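An overview of the molecular structure
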Amino acid sequence: VEAGQLSPPDAATSTTVPEAQETAGKPKQTVTTRPSAIQTLLLQIKNTWMIWLGGLCVALAGIFLVKYSIDAGLLGPSARIVFACLMGVSLHGIAEWLRRRTGEHHPAFAALAGGASITLYAAMLAALHLYQLLAPGTVFALLALIALATMALSLLHGPMLAIIGLLGAYTVPILVANDEGDIVSALIYVSIISAAALLLLRYIYRSWLWYGVLAGALGWWLISFGNLEAETVRGYYLAALAYGLLAIPAGNWLLGGTTKNHPADQAVTLTLRPLRSVSLSLITLTMLLVIAAAALSIAHDGFSTAALGQWAPLVAVTLLATRAHRGLATLPWVSLASQWFAWLYSALETDEGQWQLQALTGELQQDFLWFALGMSALYSGGSLWLGRGRPDDKLSDSLVALAPVCWLA
C-alpha cells in the first residue's frame, strides 16, 4: 500500500497454478486470491501499531490536559478552553506542515492530527458542559465544523486519522463529562460525529467505518438507558441514525428509488462507492438493529403522551427505506411486530410469579388510543402510498389492511 493511500478493498495477489496441474500445450494460468478484510486489517495493525499507540497517547494527552486543568483549578475557565483550542489547532498545523515538508502522507502525521481533533472535541464539550461559556447551538456548530474538517483531512492524511478521530470522538464525552453530564447534549454531539463519518463514506467506502458509526451510535443509545432526560429524545435519535445511514453516504436525501452520485465525483481522486454498492444484507442488518433498539426503548420507557411524536419518525424512515431499496420490503412488518410486542411487554407485570396485564389509567387510555390511531394511519397510509404503481407488492398491500387490525388488538 502506497503511503497516504487507502488500500482498495479489492486488492489482490496473483499466484501461479502448479505445473502439475497444467494441461499439455497450455501456458501457465494465474489464479487471483483476495485477502479478507480481517487479514488486511490485522496486517495494517501489525505494521503500524506503534503509530496507533502514539496517536492515542497524543489524544489522551489532550483530553487529560483539559481535565487536569479543571481538576487542579489552573487558570480560569475561559483561559483553559482557549489554551486547549490553541493546542489542538497547533497540532493540526504541525501535522500539515510535516506532510507538506516531507511530501509524504505518513500515518504518524495522521495520528498527530487525530490527537489534535480529539483535543478540540474535548475543549468544546468542556466549554458547554462544565462552564457554559458558549450557547449550545454555537458549540454544536463548532463541533460539526471540527468533525467535517477532520473527515476532510482524512482524505489527505489517510484512514488512520478517520479511525482515531472516530474512536476518540465517541469516547471524549465520557472522559470530560462531570457527574451531572447532559445526556441530551451528548446524543446531539454523537449525531453530529456520526453524520460527519457517514459523509466521508460518500468519498471512500470502508466497512470498518460503517460498523464504527453503527457501534458508536448504538453504544451511546445504550449508555442513555437509565437517564430520564434521554427518554424524551431517544426515538428522534434512532430515527436520525437510521436516516443518516440510508441517506448520507448515497446522497439520497429523499430516500427515493434512485441513487445519484455526488456532483463533484469526477474531482475526487479516491474511489466513490455510494450506498447502492453496500450489500443488501448489511443494510438490512443495520436497520434491524435500529428497529430492535427502538423496541427495547419502548419496552423500557413505557407509554407517555409524547410517544406518537417520538416514535413516528423512525416508522416513516423505515417505510421510505422500502422505496429506496425493494429488498427491504419486510422491514415495515418487522417494525410493526416489534412495536406490538414492546407495548405488550411494557404493560406486563408479575404478581407472585404470574404475568398479568397492567391497565393504563383513564387519561392514558385515551392517549394510547390516539397513539394507536396515529400509528395505524402511518403504517396503513404510508404503505398505501408506497404501494402505488406496484401491483405485485403484496407486503405493502397486506400492511394496509392489517395494520389497523393489529393496533385495534
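Residues numbered from 1 in each chain as written. Predicted model: local features only at pLDDT ≥ 70, side-chain atom pairs only at ≥ 80, totals over all residues. Heavy atoms only, no water.

Quick look at the layout of surface pockets
Size it by volume and the second largest pocket reaches roughly 670 Å³. Lining the second largest pocket are 22 residues, with Trp343, Leu344, Ala347, Leu360 and Phe368 sitting closest to its centre. Of all the secondary structure elements, the ones that give two or more residues to the lining of the second largest pocket are helix H11 (331-346), helix H12 (362-386) and helix H13 (394-408). When residues in the lining of the second largest pocket are grouped by element, the largest group, six residues, is from H12. (1 Å grid on protein atoms, 1.4 Å probe; cavity = no way out; pocket = protein on both sides within 12 Å on 5 of 7 lines; lining within 4 Å. Points joined across faces, edges and corners; volume = space filled by probe spheres on them. Helix = DSSP H or I, 4+ residues; strand = E, 2+ residues; numbered from the N terminus.)

Here's the deal with the environment of Met87
Position of Met87 among the secondary structure elements: in helix H2 (residues 77-102). Overall, Met87 belongs to the partly exposed group, its relative accessible area being 29%. Residues Met87 and Leu120, 33 residues apart in the sequence, show an inter-C-alpha distance of 8.3 Å. (Buried < 20%, exposed > 50% of the residue type's maximum accessible area, 1.4 Å probe, protein only.)

Re the side chain of Ser185
Summarising the element assignment, Ser185 is placed in helix H6 (residues 183-200). Ser185 gets classed as buried once you look at its relative accessible area, which sits at 9%. Excluding residues that lie within four positions of it along the chain, Ser185 makes contacts with Leu128, His129 and Phe140. (Contact = heavy atoms within 4.5 Å.)

Structural notes on the confidence of the model for the chain
Do not read the predicted coordinates in detail wherever pLDDT is low. A residue-level look at the chain finds 80% of positions with pLDDT of 70 or above and a mean pLDDT of 80. Contacts of residues 258-276 to residues separated by more than four positions or lying in other chains number 37 contacts, the stretch itself having pLDDT below 50. (pLDDT = per-residue confidence, 0-100.)

A word on the nonpolar core
Among the nonpolar cores identified, the biggest contains 98 residues, and Tyr121, Tyr189 and Leu238 are the most heavily contacted of them. With twelve residues, the single largest contributor to this core is helix H3 (residues 107-129). Once you skip the residues sitting within four places of it in the chain, Leu238 turns out to touch Leu218, Trp221, Val290, Ala293, Ala294, Ser297, Trp311 and Leu314. (Core = buried A, V, L, I, M, F, W, Y, C linked by side-chain atoms within 4.5 Å.)

Brief notes about H2
With 26 residues, H2 extends 38 Å between its outermost C-alpha atoms, agreeing within 8% with the 38 Å of an ideal straight helix rising 1.5 Å per residue. Along H2, the residues classified as buried are Arg80, Ile81, Ala84, Gly88, Leu91, His92, Ala95, Glu96 and Arg99. (Expected span 1.5 Å × (residues − 1).)

With respect to the environment of Ile183
Turning to its location among the elements, Ile183 is positioned in helix H6. In this structure, the C-alpha to C-alpha distance between Ile183 and Phe225, residues 42 residues apart in sequence, is 9.9 Å. Residue contacts for Ile183: discarding those within four places in its chain leaves Trp220, Ser224, Asn227, Glu229 and Ala230.

Some thoughts on the packing of helix H7 (residues 207-223) against helix H8 (residues 234-247)
Their axes nearest at 11 Å, the elements H7 and H8 cross at an angle of 175°. Judged on the interaxial angle alone, H8 and H7 are roughly antiparallel. Contact residues: Trp210, Val213, Leu214, Ala217, Leu218, Trp220 and Trp221 in H7; Arg234, Tyr237, Leu238, Leu241 and Leu245 in H8. Looking at the contact of H7 with H8 residue by residue, the class counts come to eleven nonpolar, no polar and one charged. (Axes fitted to C-alpha atoms, helices over the stretch in contact; angles between N-to-C directions. Parallel < 35°, antiparallel > 145°, perpendicular 65-115°, else oblique. Nonpolar A, V, L, I, M, F, W, Y, C, P; charged D, E, K, R; others polar.)

Focus on the environment of Gly381
Looking at where Gly381 falls in the secondary structure, it is placed in helix H12. Assessed through its relative accessible area of 33%, Gly381 is described here as partly exposed. Each C-alpha atom of the pair Gly381 and Leu399 lies 9.3 Å from the other, and the pair is 18 residues apart in sequence.

Focus on the pattern of salt bridges
With the rule as written, the count across this model stands at three salt bridges. For Arg99, the salt bridge is made with Glu96, and the minimal N-O distance between the two is 2.6 Å. One end of the pair, Arg99, and the other, Glu96, are both in helix H2, three residues apart, so they sit about a helical turn from each other. The residues Arg99 and Glu96 share a single accessibility class, namely buried. A salt bridge links Glu96 to Arg100; its shortest N-O distance comes to 2.7 Å. With Glu96 and Arg100 both in helix H2 and four residues apart, this pair spans about one turn of that helix. For Glu96, a relative accessible area of 17% corresponds to the buried category. (Salt bridge = Lys/Arg side-chain N within 4 Å of Asp/Glu carboxyl O.)

Quick look at the packing of aromatic side chains
Inspection of the entire model under this criterion finds ten aromatic pairs. Ring plane angle 70° and centroid distance 5.3 Å describe the contact between Trp340 and Phe341, whose orientation is recorded as edge-to-face. With relative accessibility at 31%, the residue Trp340 sits in the partly exposed group. Exposure remark for Phe341: the relative accessible area of 55% places this residue in the exposed category. Aromatic side chains Phe371 and Trp407 sit 5.7 Å apart centroid to centroid with 85° between the ring planes, which places their arrangement in the edge-to-face category. (Phe/Tyr/Trp six-rings, centres within 6.5 Å; stacked < 30°, edge-to-face > 60°.)

As for a nonpolar patch on the surface
Where nonpolar side chains cluster on the molecular surface, the patch consists of Leu133, Leu134, Leu142 and Leu145 and spans about 310 Å² of accessible area. Relative to the assigned elements, Leu133 resides in the loop between H3 and helix H4 (136-157). (Patch = residues over 30% accessible without salt bridge, like charges linked within 9 Å, V, L, I, M, F, W, Y side chains within 5 Å. Areas by Shrake-Rupley, 256 points an atom, 1.4 Å probe, with all protein chains shown as cover.)

Some details on the packing of H2 against H4
Two elements in contact, H2 and H4, have axes separated by 12 Å at closest approach and are oriented at 25°. By the angle between their axes, H2 is roughly parallel relative to H4. For the pair H2 and H4, the sense of crossing is left-handed. On H4, the residues touching His92, Ala95, Glu96 and Arg99 of H2 are Leu153, Leu156 and His157. Partitioning the contact of H2 with H4 into residue classes produces three nonpolar, two polar and two charged. (Left-handed = near helix turned anticlockwise from the far one by under 90°.)

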